[in-house]
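Structure assessment
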Amino acid sequence: MSTADTLYSRTDSVLGDFAIRPLDPFADAELLHGWVTHPKASFWMMQDASLPDVEREYMRITAHEHHQAYIGLHEGRPAFLMETYDPSELELVGLYDARPGDVGMHFLVAPSDRPLHGFTRAVITTVMAAIFADPAAVRVVVEPDVANTAVHALNEAVGFVPERRVTKPEKEALLSFCTRAQFEAATGITQEVSI
């Protein structure tokens, strides 16, 4: 990857360099398949997906007008998946009153044999900082499974405030919001300039 492919980067004071690049549904399919079918990715709901299933899903996402997918890098190596979407068009249509500047978000940390302390928190911090690097982003919206208590704690750590449960076709979700000011107050990270 060249630095021209980098959409966003930040340096974590403890864990080093993080970056976001566009996802290539063909070149990244095998990597993603290993991530989304791993037992730790059960909330991603792709446990039984084949490699062609994953390729098709990310071809669909990258071609979609209101849904984007990215590969996150740690020290130059693929380490997480980031997705953004327009919640007034996908995922949450009719389940809440969408506002201009709302950005839906999903993220998935790659499985690792050697987990780093604080890594997942550094990932979600990078994801949120990348979203807020766009001045049009006013508020991030998430809808994790109500049973995913680990992600609820991470969301809270970066400023999310749960609003209520919503019933989606695939899950019972905890609708939560985080404004730019809430993110900055929770993390101490002020607006960073996108590369």
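For the structure given in this document, a descriptive report is provided here. (Residues numbered from 1 in each chain as written. Predicted model: local features only at pLDDT ≥ 70, side-chain atom pairs only at ≥ 80, totals over all residues. Heavy atoms only, no water.)

**As for the pairing of strand β1 (residues 8–12)**
On β1, burial follows the alternation: Y8, R10 and D12 on one face are buried, whereas S9 and T11 on the facing-out side are not. In this sheet, strand β2 (residues 16–22) lies alongside β1 in antiparallel orientation, the contact comprising five bridges. The residue bridging R10 from the neighbouring strand is F18, located in β2. Between β1 and β2, which pair antiparallel and follow one another directly, the connecting turn spans three residues. (Buried < 20%, exposed > 50% of the residue type's maximum accessible area, 1.4 Å probe, protein only. Helix = DSSP H or I, 4+ residues; strand = E, 2+ residues; numbered from the N terminus. Pairing = 2+ DSSP bridges.)

**Examining helix α1 (residues 29–36)**
Among the residues making up α1, those that are buried are A29, L32, W35 and V36. Buried residues in α1, looked at end-on, bunch into an arc of 120 degrees, giving them a common side. Elements that come into contact with the buried residues of α1 comprise α2 (51–63), β3 (67–74), β4 (77–85) and β5 (102–109). (Arc of directions from axis to C-beta. Contact = heavy atoms within 4.5 Å.)

**Some words on the sheet that holds strand β7 (residues 161–167)**
A sheet is described by the order of its strands in space; here eight strands give the open sequence β1-β2-β3-β4-β5-β6-β8-β7, paired in mixed fashion. The open sheet has two edge strands with one neighbour each: β1 and β7. Looking at each pair of strands side by side, their axes are set apart by 30 degrees on average, direction ignored. Examined bridge by bridge, β5 and strand β6 (residues 139–142) share three bridges and lie parallel to one another. Across the sheet, residue D102 finds its bridge partner in β6, namely R139. (Axes fitted to C-alpha atoms, helices over the stretch in contact; angles between N-to-C directions.)

**Some thoughts on the nonpolar core**
Counting residues in hydrophobic clusters, the biggest one holds 32 residues, and the most contacted among them are M105 and M128. Only β2, β4, β5, α3 (119–132), β6 and α4 (149–157) provide two or more residues apiece to this core. At 10 residues, the largest contribution of residues to this core is made by α3. Not counting residues within four places of it along the chain, the set of residues in contact with M128 comprises M105, V140, V158, F160, C178 and F183. With 18 residues, the next largest nonpolar core counts L23, A41, W44 and L73 among its residues. (Core = buried A, V, L, I, M, F, W, Y, C linked by side-chain atoms within 4.5 Å.)

**Topic: the environment of D145**
Topologically, D145 is positioned in the loop between β6 and α4. For the pair D145 and L73, spaced 72 residues apart in sequence, the C-alpha to C-alpha distance is 25 Å. Non-local contacts of D145, meaning those with residues more than four positions away in its chain, are made with F43, H152, K171, E172 and A173.

**Quick word on the packing of aromatic side chains**
Under the counting rule described, the total for this entry stands at four aromatic pairs. An angle of 35 degrees between the planes, with centres 5.7 Å apart, marks the rings of F18 and F119 as tilted. Of this pair, F18 sits in strand β2 while F119 is found in helix α3, placing the two residues 101 residues apart along the sequence. Look at F132 and F183: their rings are 5.7 Å apart centre to centre, the planes differ by 35 degrees, and that puts the pair in the tilted class. Taken together, the positions of F132 in helix α3 and F183 in helix α5 (residues 180–187) put the pair 51 residues apart, joining distant regions of the chain. (Phe/Tyr/Trp six-rings, centres within 6.5 Å; stacked < 30°, edge-to-face > 60°.)

**Examining unusual backbone geometry**
Unusually for a residue other than glycine, E75 sits at a positive phi of about 50 degrees. For E91, which is not glycine, the phi torsion reads 65 degrees and is therefore positive. Following the sequence through the fold, E91 ends up in the loop between β4 and β5.

**Topic: the packing of α3 against α4**
For any two helices packed against each other, one specifies the crossing angle of their axes together with the interaxial distance. Direction vectors running N to C along α3 and α4 enclose 55 degrees, while the axes themselves pass 10 Å from each other. As far as their axial angle goes, α4 and α3 are oblique. The hand of the α3/α4 crossing is right-handed. Of the residues in α4, those in contact with T120, R121 and I124 of α3 are L154, N155 and A157. (Parallel < 35°, antiparallel > 145°, perpendicular 65-115°, else oblique. Left-handed = near helix turned anticlockwise from the far one by under 90°.)

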